[in-house]
Every structure is written in C-alpha cells, then in structure tokens.
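Here is what each chain is made of, one letter per residue.
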Amino acid sequence: MSEQWSLTVDCASPRELAAFWCLALGYVPAAPPRGFATWEAWQAHFKVPEDEWDDGAFIEDPDGIRPGISFLKVPEPKAVKNRMHFDIHVGGGRHEPLGVRWPRVQATVDKLVAAGGTVLRVDEPDGTPDHVTMADPEGNEFDVL
C-alpha cells in the first residue's frame, strides 16, 4: 500500500484554481521538485514543451502533513456533479453551539465568495443552518461546515 498520495483536479485554468484552493484550504504553491530552483527549470530538464508549462499547478500543505493537490488542464469543461468533493471544516464540529460555529462558517463562505466561489445552497435540516454547499470558480462542488 502506498504511504503517499495526492489528489488531482482536472480544470481549465490550473493556476487560478490552485490559487482559490490555496485560500480555501490554507495551502501554499508547491515548491519545485528537489534539485530544481524553479518549476520552469524542472520542465526544461524533462523537455516539456514551453507551450505546456501553464498546463498544471501544484499546491501543498505548508506543514507537510496533508496530501498535495495537482490541478491539470483538460480540454473538456466540467459536465456533471462531482463524485468526490472537499469538506472544509471551519466551524469546530456540530458539538459547538450554533452561535459559535455558524459565524466561522459564514466568514469562510464570505472569503471564498470574494475569491470567486459561489454559494449553491445552505443546508438547514429542521430550520437550523448546518453547512453551505458551494462551487469553486470552475463549478466543482464542496461544503463548508
């Protein structure tokens, strides 16, 4: 079994989507691979054509704990609902009082809307807000709870 793994997101604009998810997840742009001062140097070394240098972007957890995420350019647009999505846990859990949890959720939602995200719906079972389903700038769904 692999001890390391990463997640790859197909998209139209890798750098822009990577920047959004850095903000959403507290990640940073990934450092170039060991032995290379820049990503461009790595790409040149492996003879990646220059017109493909913007076809990917990579982000990482600044603490090196959570998995890395790659954003790769694909020609086709997103067509259907994601089969997998991110849950961004900012509220502290359902054991936290709503008056503590919900302002944290709303602050994150506001920050992500300002960065290009869209609120799709607020889930309110029994009339009490629980989480917000959003879409990133390319329409990929995720939840803030």
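Right above here is the structure, for reference.
Residues numbered from 1 in each chain as written. Predicted model: local features only at pLDDT ≥ 70, side-chain atom pairs only at ≥ 80, totals over all residues. Heavy atoms only, no water.

**Examining the overall build of the protein chain**
Piece 1. Check the secondary structure of the protein chain and you find 3 helices and 8 strands.
Piece 2. For the protein chain, the N- to C-terminal ordering of α and β elements is β-α-β-α-β-β-β-α-β-β-β.
Piece 3. Structurally, the protein chain occupies a C-alpha span of about 55 × 35 × 35 Å along its principal axes.
Piece 4. Taken across its 145 residues, the protein chain has 33% of its residues classed as buried.
Piece 5. Of the contacts formed within the protein chain by residues at least 6 apart in sequence, a portion of 60% connects residues at least 24 apart.
Piece 6. For the protein chain, the exposed surface amounts to about 9,300 Å²; the carbon and sulfur share of it is 55%.
Piece 7. For the protein chain, the distance from the average site of its 13 positive side-chain charges to the average site of its 24 negative ones is 3 Å. (Helix = DSSP H or I, 4+ residues; strand = E, 2+ residues; numbered from the N terminus. Buried < 20%, exposed > 50% of the residue type's maximum accessible area, 1.4 Å probe, protein only. Contact = heavy atoms within 4.5 Å. Areas by Shrake-Rupley, 256 points an atom, 1.4 Å probe, with all protein chains shown as cover. Lys, Arg positive; Asp, Glu negative; His and termini not counted. Charge placed at Lys NZ, Arg CZ, Asp CG, Glu CD.)

**A closer look at the environment of Val28**
Piece 1. Turning to its location among the elements, Val28 is positioned in strand S2 (residues 28–29).
Piece 2. Residues contacting Val28, with those up to four places away along its chain left out, are Cys22, Phe58, Ile59, Glu60 and Pro62.

**Notes on helix H1 (residues 14–25)**
Within an α-helix, residues lying three or four positions from one another point in the same direction, as the helix has 3.6 residues per turn.
Piece 1. For H1, with 12 residues, the first-to-last C-alpha span of 16 Å sits near the 16 Å given by 1.5 Å per residue.
Piece 2. Of the residues making up H1, those classed as buried are Pro14, Leu17, Ala18, Phe20, Trp21, Cys22, Ala24 and Leu25.
Piece 3. Directly after H1, the chain includes Gly26, whose backbone phi takes a positive value near 75 degrees. (Expected span 1.5 Å × (residues − 1).)

**Observations regarding the sheet that holds strand S4 (residues 68–73)**
Piece 1. One open sheet accounts for 4 strands, arranged S1-S4-S3-S2; its pairing is mixed. Sheet topology places strand S1 (6–11) and S2 at the edges, where each strand pairs with a single neighbour.
Piece 2. In terms of strand pairing, S2 meets strand S3 (residues 56–60) through 2 bridges, oriented antiparallel. Residue pairing across strands places Val28 opposite Glu60, the latter belonging to S3. (Pairing = 2+ DSSP bridges.)

**Digging into the layout of surface pockets**
Piece 1. Approximately 520 Å³ is the volume found for the largest pocket.
Piece 2. Considering the residues around the largest pocket, the lining is formed by 23 residues, among which Thr8, Val9, Asp10, Asn82 and Asn140 are closest to the centre.
Piece 3. A total of 5 residues in the lining of the largest pocket trace back to one element, the largest contributor, which is S1.
Piece 4. Here the residues of the lining of the largest pocket sort into 11 nonpolar, 4 polar and 8 charged.
Piece 5. Roughly 380 Å³ of volume is contained in the second largest pocket.
Piece 6. Trp5, Ser6, Arg66, Pro67 and Gly68 are, among the 16 residues lining the second largest pocket, the residues nearest its centre.
Piece 7. Residue assignment for the lining of the second largest pocket shows that the elements contributing at least two residues are S3 and S4. (1 Å grid on protein atoms, 1.4 Å probe; cavity = no way out; pocket = protein on both sides within 12 Å on 5 of 7 lines; lining within 4 Å. Points joined across faces, edges and corners; volume = space filled by probe spheres on them. Nonpolar A, V, L, I, M, F, W, Y, C, P; charged D, E, K, R; others polar.)

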